[in-house]
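Chains, contacts and geometry: an overview
Okay, here's what each chain looks like letter by letter:
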Amino acid sequence: DGGITQSPKYLFRKEGQNVTLSCEQNLNHDAMYWYRQDPGQGLRLIYYSQIVNDFQKGDIAEGYSVSREKKESFPLTVTSAQKNPTAFYLCASGGIGSYEQYFGPGTRLTVT
Amino acid sequence: AQKITQTQPGMFVQEKEAVTLDCTYDTSDQSYGLFWYKQPSSGEMIFLIYQGSYDEQNATEGRYSLNFQKARKSANLVISASQLGDSAMYFCAMRREYGNKLVFGAGTILRVKS
C-alpha cells in the first residue's frame, strides 16, 4: 500500500539526548515536510525538502536538523539545543505542483 | 505573510444536523489555495477539501463543502448530516498556489452529540 510511515509512534528520551524521528514514503513524492504540533494548537513547519540533497528551514527550525539522502526518506533529528522538544511530530509529502499534502500517522515525543 | 484565523475553539452539533466551521485568512498573494483537514484523536491528519483562489464554484466533497467568500477572505467548512465519527479537531490551512508551506489555523474541536 502507498503511504507515509513514521516510527516509532511514541518516543521517550532524557533531556540532553539527541533523537531521530523516521519518515518514509513510497508515494514517489518529491517534496517532504516536517511539522510540529503542540497541545491544542495548529501545525508549524520545521523543515521541508523539495528534492534529494536539498532542504529549507521552516518557521521553527532552531534545534532541529534534517537530511534528504534518498527520495523516500526524510529523517528529523531533535537535538539537545531544542528547548521544548516534547510535542507531536508529523511528516508529510506531496508532489511538486500538486496542492495536496499527505500526512503520516505522527510520532509523539516526550522528553523528561 | 499568510495567516489563518479560526475563532471557534469548540463546537457542538446534534447528529444528522449541519454545522459550519469558520475560517478567515489573510494574504497579499493573488493566487493561493485553501484546505481543510480533520484530525481525529489518533492524531493523523486527513485531507478533506481544497479550494483554489481562482475557483469560481465552491468546492464540495461528499458531505463537506467549502463556503468560499473571497472578498471577505473567508473559507468556512460546512459539514452536512453530521455523524458521530465527525467528532475531531478540524484545521483550516492555506498555501501559495505553487508554494510548499502550509500555514495552519489553531483548529476547532467538533463534538457530535447523539
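Everything discussed here concerns the structure shown above.
Model, not experiment: these values are computed from the prediction. (Residues numbered from 1 in each chain as written. Chains lettered and ligands numbered in written order. Predicted model: local features only at pLDDT ≥ 70, side-chain atom pairs only at ≥ 80, totals over all residues. Heavy atoms only, no water.)

Looking at the nonpolar core
The nonpolar side chains of a soluble globular protein tend to be buried, and buried together. Residue and element names in this part refer to chain B. In terms of nonpolar packing, the biggest core is built from 24 residues, with Y25, W36, I49, L77 and Y90 touching the most fellow members. Counting residues per element, the ones that place at least two in this core are β3 (19-21), β5 (32-39), β6 (46-52), β8 (64-69), β9 (74-79), β10 (88-96) and β12 (108-113). In terms of residue count, the dominant contributor to this core is β10 (four residues). Setting aside chain neighbours within four positions, we find L77 in contact with V19, T20, L21, W36, L48, I49, Y64, S65 and Y90. (Core = buried A, V, L, I, M, F, W, Y, C linked by side-chain atoms within 4.5 Å. Buried < 20%, exposed > 50% of the residue type's maximum accessible area, 1.4 Å probe, protein only. Helix = DSSP H or I, 4+ residues; strand = E, 2+ residues; numbered from the N terminus. Contact = heavy atoms within 4.5 Å.)

As for the packing of aromatic side chains
Enumeration over the complete set of coordinates arrives at 15 aromatic pairs over all chains. Between A:F103 and B:F104 the ring centres are 6.4 Å apart and the planes differ by 75 degrees, which places this aromatic pair in the edge-to-face class. Within this pair, whereas A:F103 is found in strand β10 (residues 102-103), its partner B:F104 is found in strand β11 (residues 103-104), the two belonging to separate chains. Classification of B:F104 as buried rests on a relative accessible area of 10%. Summarising the aromatic geometry, the rings of B:F91 and B:F104 are spaced 6.2 Å apart at their centres and angled 85 degrees between planes, so their arrangement reads as edge-to-face. Within this pair, whereas B:F91 is found in strand β10, its partner B:F104 is found in strand β11, the two being separated by 13 residues in sequence. Under the relative-accessibility criterion, B:F91 is labelled buried at 0%. In this structure an aromatic cluster arises from ring pairing among A:Y33, A:Y35, A:Y48, A:F103, B:F35, B:Y37, B:F47, B:Y50, B:F91 and B:F104. Sitting above the plane of the A:F74 ring, A:R68 keeps its charged end 6.0 Å from the centroid. The lysine or arginine in question, B:R63, covers the ring of B:Y64, its NZ or CZ lying 5.7 Å from the ring centre. (Phe/Tyr/Trp six-rings, centres within 6.5 Å; stacked < 30°, edge-to-face > 60°. Lys NZ or Arg CZ within 6 Å of the ring centre and 35° of its normal.)

Comments concerning the sheet that holds strand β1 (residues 4-7) of chain A
All names here are of chain A. An order of β1-β3-β8-β7 is seen for the four strands of this open sheet, with the pairing classed as antiparallel. Looking along the sheet, the strands with just one partner apiece sit at the ends: β1 and β7 (64-66). Between one strand axis and the next, the sheet turns by 20 degrees as a mean value, whatever way the strands run. Sheet topology places β7 next to strand β8 (residues 76-78); three bridges connect them, and they run antiparallel. For Y64, the partnering residue across the bridge sits in β8 and is V78. (Pairing = 2+ DSSP bridges. Axes fitted to C-alpha atoms, helices over the stretch in contact; angles between N-to-C directions.)

Some thoughts on the state of the cysteines
Using the criterion set out here, one finds two disulfides over all chains in the structure. With its sulfur 1.8 Å from that of its partner, A:C23 forms a disulfide with A:C91. Its S-S torsion of approximately -70 degrees makes the covalent link between A:C23 and A:C91 left-handed. Pair noted here: A:C23 is in strand β3 (residues 19-25) and A:C91 is in strand β9 (residues 87-94), with a separation of 68 residues, a long-range link. What makes A:C23 buried here is its relative accessible area of 0%. Assessed through its relative accessible area of 0%, A:C91 is described here as buried. Bridging B:C23 to B:C92, the disulfide has an S-S length of 2.0 Å. Taking the sign of the S-S torsion, about -60 degrees here, the bridge from B:C23 to B:C92 comes out left-handed. Of this pair, B:C23 sits in the loop between β3 and β4 (24-26) while B:C92 sits in strand β10; the two residues are 69 residues apart in sequence, bridging distant segments of the chain. In this pair, the class of B:C23 matches that of B:C92, namely buried. (Disulfide = S-S within 2.5 Å.)

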